Every structure is written in structure tokens, then in C-alpha cells.
Amino acid sequence: MSASAGQNRFWLLNHFGRFLELDLMRDCLFSRTLDSTAYPGIFFFADDPHAGRADVELRKAVSLPMPFPPLTLLPQASGLVAFETRDTDEPRYMRSLLDRHLDFNAAAIREWELYLPVDEEHLHAFILLGQPALTSIHDTGGHALSPLELKDNFQVVFGKIALPLLPNFQAFAEIAHLVPGTETALELTDGKAAVSLVVTRH
């Protein structure tokens, strides 16, 4: 099915809290922290990346000639996904390497081979929450918190408050629709207890 047939675009967040990106000089993959001024340069199209195994194609925001290997998306019980190459005799998986280019040579799925698919709604929310010029964040006591940061092992951090991203992922969607001059409660969890934040859109 083509993207024009209604599929959604997804970007990939890795174990290190970084998004997959394209190295324009070398035409290969690496990962970087989220840039508040531009969407990451690597994405794929899918209906629902958690629905089951599916053949996918990594796309480049900038057209460069080096093709990526054909991949099969493998949903995991954790809510993350892995990517297996389809053109190798033995199973091989896409792997993120900290401060190095990604490769497709991993022999097994471990932490570095897992990714969180992020749709445009959530990506926009993360960008807004990471820019103090666009949003301010407070706890329920009125204390100002630092902008959102995405950290290792799929953690989301607001200053001294660190929370697991996966159980809180859906809660961030509404931030993408917050109108300037309004605020909303952001109801999260630390895995044991509720954590309530207030987000104001500037």
C-alpha cells in the first residue's frame, strides 16, 4: 500500500533517547537528540506499526542515492518495534550505536535494536514541550519545570522529574493541539503513582 492510500508517517526514537537521522555527507544513518526546528530526516509509512509483522521501507526526507536494505517491522510485546533485514541468509537486525552510525548487522534483538514509532502528533508535542518559548511546564504546586528531554531507556524528563515514556506516550498527544494562550493538565504516571503537570502554550 502506498503512502497516498492513507498510511501514517512514523519517525523512530531509539534506546538512547535519540531519533534516527540521515547523515547527508555520508548518506547513512545516525541518531541525534530531537531538533526543535525540524523533523528528523528518516521515517517510514505504516497503517499501525503495532498490528503485526509488515514489510516497510525507510524513507529519506532528502533524496540521496544509497538505498537502505529492505526491512520487516517486528512489533514487540513491550510496545516497541525491531527491524529485520530481508536480504540476508541469517536473521540480522537494525542496530543503534551511541555516537556512531547505525548498522544492520545485529544477530539478535536486544536494547539497541528496539525503537519507538512516533507519529506526527506526538512528534509535534515533543517539539512543543522542548521549547520554553512555546510552552511552560509547572507541577501542581506552581513550580516551574525544565523543558522536556528524551533520555536513555525510553525515559522522559522534566528537570528532576523522570518518567517512563511508554506508559505515558498516549497522554502527550493532546499537547499537539494546544492553542496559544491556553493551558491543560498533563496526567502522567511514574509507574506507581500519578504525576500531574500543567502545560501552558505561549
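Rules behind the numbers
Residues numbered from 1 in each chain as written. Predicted model: local features only at pLDDT ≥ 70, side-chain atom pairs only at ≥ 80, totals over all residues. Heavy atoms only, no water. Pairing = 2+ DSSP bridges. Helix = DSSP H or I, 4+ residues; strand = E, 2+ residues; numbered from the N terminus. Axes fitted to C-alpha atoms, helices over the stretch in contact; angles between N-to-C directions. Buried < 20%, exposed > 50% of the residue type's maximum accessible area, 1.4 Å probe, protein only. Core = buried A, V, L, I, M, F, W, Y, C linked by side-chain atoms within 4.5 Å. Contact = heavy atoms within 4.5 Å. Phe/Tyr/Trp six-rings, centres within 6.5 Å; stacked < 30°, edge-to-face > 60°. Salt bridge = Lys/Arg side-chain N within 4 Å of Asp/Glu carboxyl O.

Enquirer: I'd love a proper account of the sheet that holds strand β16 (residues 161–164), names of residues and values included.
Expert: In a beta sheet, neighbouring strands pair by backbone hydrogen bonds and run either parallel or antiparallel. Across the sheet, 3 strands lie side by side as β14-β15-β16; this open sheet has antiparallel pairing. Looking at strand neighbours, the two that pair on one side only are β14 (148–151) and β16, the edges of this open sheet. Looking at each pair of strands side by side, their axes are set apart by 25° on average, direction ignored. When β14 meets strand β15 (residues 155–158), the two strands line up antiparallel, connected through 4 bridges. Directly across from L150, in β15, lies its bridge partner V156.

Enquirer: Requested: an account of the pairing of strand β2 (residues 19–23), with residues and values cited.
Expert: With 5 of its 5 residues buried, β2 lies for the most part within the structure. In this sheet, strand β3 (residues 28–32) lies alongside β2 in antiparallel orientation, the contact comprising 5 bridges. By the bridge assignment for β3, F19 is matched with R32. Counted along the chain from β2 to the antiparallel partner β3, the turn is 4 residues long, and its residue D27 has a positive phi close to 55°.

Enquirer: Can you tell me about the nonpolar core, naming the residues and giving the values?
Expert: Among the nonpolar cores identified, the biggest contains 38 residues, and F126, F158, L165 and F172 are the most heavily contacted of them. Sorting the residues of this core by element identifies β1 (8–14), β4 (42–46), β11 (115–119), α1 (120–129), β14, β15, β17 (183–189) and β18 (194–201) as the ones contributing at least two each. Ranked by residue count, the leading element in this core is α1, at 6 residues. Filtering out sequence-adjacent residues up to four positions away, F172 remains in contact with H122, A125, F126, L129, L148, V156, F158, L165, L186 and L188. Grouped together as the second largest cluster of nonpolar side chains are 19 residues, L20, L22, I42 and L102 included.

Enquirer: Now, about the packing of aromatic side chains: what can you tell me, with residues and values included?
Expert: Evaluated as defined, the whole model comprises 9 aromatic pairs. Pairing F10 with F44 gives two aromatic rings, centres 5.7 Å apart and planes at 25°, and the pair type is stacked. Of this pair, F10 sits in strand β1 while F44 sits in strand β4, and the two are 34 residues apart along the sequence. The pair F10 / F44 is uniform in exposure class, with both members buried.

Enquirer: Mind laying out α1, listing which residues take part and the relevant values?
Expert: Along an α-helix, residues three or four apart share an orientation, since each turn contains 3.6 residues. For α1, a buried count of 7 out of 10 residues is recorded, marking the element as mostly surrounded by other parts of the structure. Of the residues making up α1, those classed as buried are H122, L123, A125, F126, I127, L128 and L129. As for α1, its buried residues are in contact with β1, β2, β11, β12 (135–139), β14 and β18.

Enquirer: Can you explain the sheet that holds β18? Please cite residues and give values.
Expert: Taking strand neighbours across the sheet as the criterion, the 4 strands line up as β13-β12-β18-β17 in an open arrangement whose pairing is antiparallel. Each end of this open sheet is capped by a strand with a single partner; those strands are β13 (144–145) and β17.

Enquirer: Before we move on, can you summarise unusual backbone geometry with the specific residues and values?
Expert: Glycine aside, the phi torsion of most residues is negative, and most peptide linkages are trans. Positive phi is not limited to glycine here, since D27 has a value of about 55°. Tracing the chain through its elements places D27 in the loop between β2 and β3. Positive phi, close to 60°, is recorded for D99, a residue that is not glycine. By the secondary structure assignment, D99 is in the loop between β9 (93–95) and β10 (103–106).

Enquirer: Give a detailed account of the pattern of salt bridges, specifying residues and quantitative values.
Expert: Evaluation of the coordinates by the stated rule reveals 7 salt bridges. Here K151 ties to E149 by a salt bridge, and the two come within 3.5 Å at their closest N and O atoms.

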